[in-house]
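A structural walkthrough
What follows is the residue order along each chain.
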Amino acid sequence: MTDPARADLSLTVRSAALPSPAVPSPAGPSSGGADDGGYAPAVVRSPSSPERSPSGTETPADAPEGAALALLDTAVAAMGGQQREGQHEMARQVTRAIEEGHHLLVQAGTGTGKSLAYLVPLIAHAQTSERPAVVATATLALQAQIVGRDLPRLLEAITPELERPVDVALVKGRSNYLCRHKLEGGFPTEEPAEGQLFAVGEDTAVVHPGTGPTTQLGREVQRLREWAGETETGDRDDLVPGVTDRAWRQVSVTALECIGAQKCPFAAECFSELARQHGAEADIVVTNHAMLAINAFEGLNVLPEYDVVVVDEAHELADRVTGAVSAQLSAQMIQAAASSARRHCAISVDALHSAATALELSLTSAPTGLLPRGLNEEQSQDVGLVRDACRVALSESKPGDGQSADGGRQIARSRLLEVLEVCERILDAEVNREVVWVTRMGAPDPITGYAAADDNGPAMLHIAPLNVGGRLRDGLFDGHTVVLTSATLAIGSAFEPTAGGLGLLGAGAPSWTGVDVGSPFDYPKQGMLYVARHLPKPGRGVSPEALDELAALLTASHGGALCLFSSRRAAEDAAEQLRARLGMTILCQGESSMSALVRQFSAEPDTCLFGTMSLWQGVDVPGQSCRLVVIDRIPFPRPDDPLMTARSRAVAQAGGNGFMSVSATHAAVRLAQGAGRLIRSTADRGVVAVLDSRLATERYGAFLRSALPPLWGTTDRRVVLDALARLAQAG
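Being a predicted model, the structure only gives us computed values, none of them experimental.

So, about the overall build of the protein chain. Helix and strand counts for the protein chain come out as 25 helices and 19 strands. Per-residue burial over the protein chain gives 52% buried out of 731 residues. Across the protein chain, the fraction of contacts at a sequence separation of at least 24, relative to all contacts at a separation of at least 6, is 77%. As displayed, the protein chain has an accessible area near 32000 Å², and 49% of this comes from carbon and sulfur atoms.

Spelled out as structure tokens, the structure:
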């Protein structure tokens, strides 16, 4: 071990090192670091992608590339940053993709500065384009960072160099904006009971001035009324401090519930419509993956016509799109829709109530989980009855001639329409290659805290596409230039696992280029990957052996650990046992807001933070406070995950390896995201410890390790404990 004062984890002992992955590691800077002169990006092209001009040959994109790089250098200098080869290369590749109109997958490791690397080319493009460019993120945190920090600082630095100012718009779903019509009593307010999607009780009125609200809900709505007179955006995120979801529902509507700009008396003042109009006039529109999916698949023009889109956090795109286009159906939802129609439209809904009861009875025999053959004949007939009853109700609930816009009627009809559309999707699932499965809700238990769902309990049907690749190919990639970027987009040097899930492989797939621009970090010197090879394979929960191993690691590091678990229960149990055993401060997800927990963890170098999937990505804690990242097990999908099971079977039926294509690929990306929490700056040093021996012993271990940052790998427990002890002393 080298001098701990240098906090360098380079090791000369290699006998216990992990074998090199069978899949090559992502290309990046050599051990010389960010300034190494041997930098070269790894470039992968799809089979149909045309060859690029050889190095040194002038191309039509050269002039725009030079202009974009000059702007980037200006911005970096004004912000007090340093030039990075990876950032330059990414800006060059994004500019070329925009100019030549080809799709680009670009992996940019942590520390590259990828947001500037794509924002600068987009701004340069916006100077001459008649259409806006779109930036779509998976998380609200990154969306807020781009709009609130990155773009304002960037534009302040480079606007003097631009031909004209650049206008930026943030576009969200309608329910994120306050609805003036609802606030002024244009809609009845219905609050769902716990576990319900729709309310079935009596309407409660929105609190009006002078009534003196006495409940917490009333006070929150009163504050929202006052805020409505002050806000320029009506955006929920601009309200500080915020309000509960329950209160926000009293003043907002969904896209289906909205009566439409042509009928609404407040259309000229509508915050959502104003945001959409701003988006149509803006140069750059910032939104999220869900809005991108709705715009592409649902036939709703929630985004303006655009020519270029950059999808950040692109490793999340397929899952986010799947979530956005998934749907549910239960007898409770149908009954609630029927009650709403009776109440607000004054129509008979006996047929719909009867159909809901029949469906509930027929689903009693349906097993929880995937329905590989779909619904049986009786269940299909009952879904058909619900569909037909919804059609009749929608026909009879139409407003009469001369009737004014009615918020209550619109809410009722939107619910009927939603049920109708889900029924039609379920009945056509096989034809449209969609997956149907059943879930049942568990219940609180006074002894164990939670009781598993009873197979005879009320069932909920779910439906989702088997694969969103075809839809993305038609709705996103066709007619647009798409740049996909993430720190974890390739597995080893292969972009194909990601590209396949997004519709970029196979017959008729568009051409694309994949580029790995590396990272400025010297991973083999800055960090270590330790796999606890001696531990038994994980079972349910955290085993006593794994808990002992975790205790030893935390003791050696004197805290400073981010511990990532596969389940909330495992995180809570481990935190409870180790607090009593070690006497150190251990925070656990759920004990406070995520932002508060991360702030405390960052501020206290010897504190530990335990949590689950939401901590696997998006947590950025550089420095001594996060010198150890522990992962309890390989994050494979749950064996009973219906959608993953269906996708694995489909791959196997087509002659592929379902486990490797679906489960292992999913785990590789999640594992890389978790390991990526460790090295966040060039000064960071630390250890990633995986308490799952399968990463070292199973054949797929090399595939999974190839997705990780190229940390120095070992299975030697003593070496790791000594390294952690020296890191703790050096801090």
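A few words now on the nonpolar core. Ranked by internal contacts, the top residues of the largest apolar core, which has 39 residues, are Tyr118, Leu122 and Ile123. Of all elements in the fold, only α1 (62–78), α2 (85–100), β2 (103–107), α3 (114–126), β3 (133–137), α4 (140–158), β5 (284–288) and β6 (308–311) reach the threshold of two or more residues within this core. Contact partners of Ile123, with chain neighbours within four places excluded, come to Leu151, Leu154, Leu155, Ile158, Leu162, Val166 and Ile284. In this structure, Leu587, Val621, Ala675 and Leu708 belong to the second largest nonpolar core, which totals 38 residues.

Contact geometry for helix α9 (residues 289–297) and helix α10 (residues 317–325): axes closest at 9 Å, N-to-C directions at 60°. In terms of their interaxial angle, α9 and α10 are classed as oblique. The interaxial crossing formed by α9 with α10 has right-handed handedness. When α9 is examined against α10, the residues His289, Ala290, Ala293 and Phe297 are found in contact with a partner set consisting of Leu317, Arg320, Val321, Ala324 and Val325. For the contact of α9 with α10, a count of residues per class yields 7 nonpolar, 1 polar and 1 charged.

Another aspect to go through is the side chain of Thr645. Here Thr645 shows up in helix α21 (residues 642–653). Of the polar contacts made by the side chain of Thr645, one reaches the backbone oxygen of Pro639; its length is 3.5 Å.

Let us now look at the side chain of Thr95. When you line up the elements, Thr95 lands in helix α2. Within the structure, the side chain of Thr95 is placed 2.8 Å from the backbone oxygen of Ala91, a separation counted as a polar contact. When residues no more than four places from it in sequence are discounted, the contact partners of Thr95 are Pro64, Glu65, Ala68 and Pro121.

Once that is clear, we can look at the sheet that holds strand β16 (residues 608–611). Across the sheet, which stays open at both edges, the 7 strands sit in the order β15-β16-β14-β17-β18-β13-β19 with parallel pairing between neighbours. Here the strands that pair on one side only, and so sit at the sheet edges, are β15 (586–588) and β19 (712–714). Strand-to-strand twist in this sheet, taken as the mean axis angle between neighbours without regard to direction, amounts to 15°. Sheet analysis places strand β17 (residues 628–631) next to strand β18 (residues 686–690), joined by 4 bridges and oriented parallel. Residue pairing for β18: Val630 is matched across the bridge by Ala689.

On to the sheet that holds strand β8 (residues 369–370), then. As summarised here, the arrangement of the 4 strands in space is β7-β10-β9-β8, forming an open sheet in which the pairing is antiparallel. With partners counted over all chains shown, the strands left at the sheet margins are β7 (327–330) and β8, one partner each. Of the pairings in the sheet, the one linking β7 to strand β10 (residues 459–465) comprises 4 bridges and is antiparallel in character. Within the sheet, the bridge partner assigned to Ser330 lies in β10 and is Met460.

Omega for the peptide link from Val240 to Pro241 comes to -10°, which places this bond in the cis form. Its place among the elements puts Pro241 in the loop between α6 (216–228) and α7 (245–249). At Ala346, a position not held by glycine, the phi torsion is positive, near 55°. As for its placement among the helices and strands, Ala346 is situated in the loop between α11 (331–345) and α12 (350–362). Unusually for a residue other than glycine, Arg433 sits at a positive phi of about 55°. The exposure class of Arg433 is exposed, given its relative accessible area of 55%.

Turning our attention to the packing of aromatic side chains. Counted by the stated rule, this structure contains 6 aromatic pairs. Ring centres of Phe636 and Phe659 lie 5.5 Å apart, and the angle between their planes is 45°; this geometry places the pair in the tilted category. With Phe636 in the loop between β17 and α21 and Phe659 in helix α22 (residues 658–675), this residue pair connects regions lying 23 residues apart in the sequence. Phe659 sits in the partly exposed class, given a relative accessible area of 33%. Each member of the aromatic cluster is reached from another via a ring pair, and the members are Phe636, Phe659 and Tyr700.

Our next topic: α3. The end-to-end C-alpha separation of α3 is 18 Å, in line with the 18 Å expected for 13 residues at 1.5 Å each. Of all 13 residues making up α3, 12 are buried, and the element is well covered by its neighbours. Among all positions in α3, only Lys114, Ser115, Leu116, Ala117, Tyr118, Leu119, Val120, Pro121, Leu122, Ile123, His125 and Ala126 are buried.

Bringing the environment of Pro538 into the picture now. Tracing the backbone through its elements, the reader meets Pro538 in the loop between β13 (527–531) and α18 (544–557). The sequence separation of Pro538 and Ile634 amounts to 96 residues, and the corresponding C-alpha distance is 9.2 Å. In contact with Pro538, not counting residues within four places along its chain, are Arg633, Asp692 and Arg694.

Moving on, we come to the pattern of salt bridges. Evaluation of the coordinates by the stated rule reveals 32 salt bridges. Of the charged contacts, one joins Arg425 and Glu434 as a salt bridge, the two residues approaching to 2.6 Å between their closest N and O atoms. Residues joined by salt bridges that share partners form a network here, namely Glu316, Asp319, Arg320 and Arg670.

Among the structural elements, Lys525 can be located in helix α17 (residues 523–526). By relative accessible area, Lys525 is classed as partly exposed at 38%. Note: C-alpha distance between Lys525 and Arg685 (160 residues apart in sequence) is 8.2 Å.

Moving on to the pairing of β5. Most of β5 is tucked away, with 5 of its 5 residues classed as buried. Burial along β5 is two-sided: Ile284, Val286 and Asn288 facing one way and Val285 and Thr287 facing the other are all buried. Relative to β5, β3 is paired through 5 bridges, and the arrangement is parallel. Bridging across to β5, Val134 finds its partner in Val285.

Rules of the game
Residues numbered from 1 in each chain as written. Predicted model: local features only at pLDDT ≥ 70, side-chain atom pairs only at ≥ 80, totals over all residues. Heavy atoms only, no water. Helix = DSSP H or I, 4+ residues; strand = E, 2+ residues; numbered from the N terminus. Buried < 20%, exposed > 50% of the residue type's maximum accessible area, 1.4 Å probe, protein only. Contact = heavy atoms within 4.5 Å. Areas by Shrake-Rupley, 256 points an atom, 1.4 Å probe, with all protein chains shown as cover. Core = buried A, V, L, I, M, F, W, Y, C linked by side-chain atoms within 4.5 Å. Axes fitted to C-alpha atoms, helices over the stretch in contact; angles between N-to-C directions. Parallel < 35°, antiparallel > 145°, perpendicular 65-115°, else oblique. Left-handed = near helix turned anticlockwise from the far one by under 90°. Nonpolar A, V, L, I, M, F, W, Y, C, P; charged D, E, K, R; others polar. Polar contact = N/O pair within 3.5 Å; in protein donor to acceptor, adjacent residues only side chain to side chain. Pairing = 2+ DSSP bridges. Phe/Tyr/Trp six-rings, centres within 6.5 Å; stacked < 30°, edge-to-face > 60°. Expected span 1.5 Å × (residues − 1). Salt bridge = Lys/Arg side-chain N within 4 Å of Asp/Glu carboxyl O.

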